[in-house]
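Structural overview
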Amino acid sequence: MYPMLVHAHSGLRWLVLIFLVLAIANAFSKWRSGAAYDSSDKRKGLLALIFSHLQFVIGLGLYFISPRVNFGDMAAAMGDKATRFFTVEHLSLMILALVLITIGYSKAKRNVNDTGKFKTTFWFYFIGLILILAGIPWPFLGYGTGWF
Ligand code: HEM
C-alpha cells in the first residue's frame, strides 16, 4: 500500500503541474485579450482544482504512514532536515497552495465580470503554482526522492 501511494503521489505531481500551467496560461491570455469566459475556461480551472485535491488526499494518507514523517515527536522532527521537510515544510506549503487554488476557483466562479474571472484565476493559481514548485521534494534537493 505504501509504495503504491508514494508512486501515485510522485507521478500525479506532473498532472497537477500540467493542468495548473494550462489553466494559468489560458487565464492570462484571455484576460489580456479581453475574451469572453465560457464553459471550456471553467473546465480548465476545474481540472487543475480536481487534480490538486486528489494529490492532497493521497498526500494526507501518506502523512500518516510515511517513515519520512514524524509528527509524534516534533522536537526530533525539527532536528532532522529531511524529516522536518516532510513533516512541516512540504505539508504547510502544499496546504497553503491548495487553499489559494480553491479560493481562486470559487472567487472566479462568483465574479460577474469575465475579465475579473480570468484575472482572479490567474493570480490565485499562479501563486499556488509557485508555492507548489517550492514545496516539491525535487530529486536534486537530496531527500532521496525520484522524478516520477
Ligand atoms: C499539489 C500538492 C502536492 C505535490 C505536487 C506533492 C508532491 C510530492 C512529491 C513529488 C513527493 C516525493 C515522492 C517521491 O518520489 O518519493 C511527495 C512526498 C510526500 N508528500 Fe506530497 N505533494 C503534495 C501535497 C502533499 C500534501 C498536502 C501532503 C500531506 C497532507 C503530502 C505529503 C507527502 C508525504 C508524507 C510525502 C513523503 C512520502 C514518502 O516518500 O514517504 N503531500 N510529495
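Here's a quick rundown of the structure. Along each chain, residues carry numbers from 1 onward, in the same order as the chain's sequence is written. Owing to the predicted nature of the model, reporting of local features is limited to residues with pLDDT of at least 70; listing and counting of side-chain atom pairs is limited to 80 or more, with chain, interface and lining totals taken over all residues. Heavy atoms throughout the structure, all of them, feed into the side-chain values; hydrogens and water do not.

As a further point, take the side chain of T121. Starting at the N terminus, helices and strands are each numbered in turn, a helix being any DSSP run of H or I of at least four residues and a strand any DSSP run of E of at least two. Inspection of the secondary structure puts T121 in helix α5 (residues 114-135). Polar contact is the term for a pair of N or O atoms within 3.5 Å; when the atoms are in protein, one must be able to donate a hydrogen and the other to accept it, and sequence-neighboring residues count only if both atoms are side-chain atoms. At a separation of 2.8 Å, a polar atom in the side chain of T121 contacts the main-chain carbonyl oxygen of K117. Setting aside residues up to four positions removed in sequence, T121 forms contacts with A27, A108 and F126. Pairs of residues are marked as contacts when any of their non-hydrogen atoms sit within 4.5 Å.

What follows is about the coordination of the iron atom of the ligand. Each metal site lists N, O and S donors within 2.8 Å (3.2 Å for Na, K and Ca). With water left out of the atoms, a site can look as if it is missing ligands. Distances from the iron atom of the ligand to its protein donors, H9 (NE2) and H90 (NE2), fall within 2.0 Å. Considering all six donor atoms around the iron atom of the ligand, the spread of angles at the metal, 85 to 180 degrees, places the coordination shape in the octahedral class. Taken together, the residues span a long stretch of sequence, with H9 in helix α1 (residues 2-33) and H90 in helix α4 (residues 81-110) at a distance of 81 residues. By the burial criterion, H9 is buried, and H90 matches it. Labels for metal geometry use angle windows, namely 85 to 135 degrees for all angles of a four-donor tetrahedral site, and for square planar (four donors) or octahedral (six donors) sites opposite donors over 155 degrees apart plus all others within 65 to 115; sites meeting none of these are irregular. Residue exposure (1.4 Å probe, protein chains only): buried if accessible area is under 20% of the type maximum, exposed if over 50%, otherwise partly exposed.

We now examine the packing of α1 against helix α2 (residues 39-65). For every element, the axis is a line fit to its C-alpha atoms; helices are fit only across the contacting stretch, and the angle between N-to-C directions ranges from 0 to 180 degrees. Two elements in contact, α1 and α2, have axes separated by 8 Å at closest approach and are oriented at 155 degrees. Relative to α2, α1 is oriented roughly antiparallel. With respect to the hand of their crossing, α1 and α2 are arranged in left-handed fashion. For classification purposes, angles smaller than 35 degrees are called roughly parallel, those larger than 145 roughly antiparallel, those between 65 and 115 roughly perpendicular, and all remaining angles oblique. Crossing handedness is defined as follows: a turn of the near helix away from the far one that is anticlockwise and smaller than a right angle gives a left-handed crossing, while the clockwise case is right-handed.

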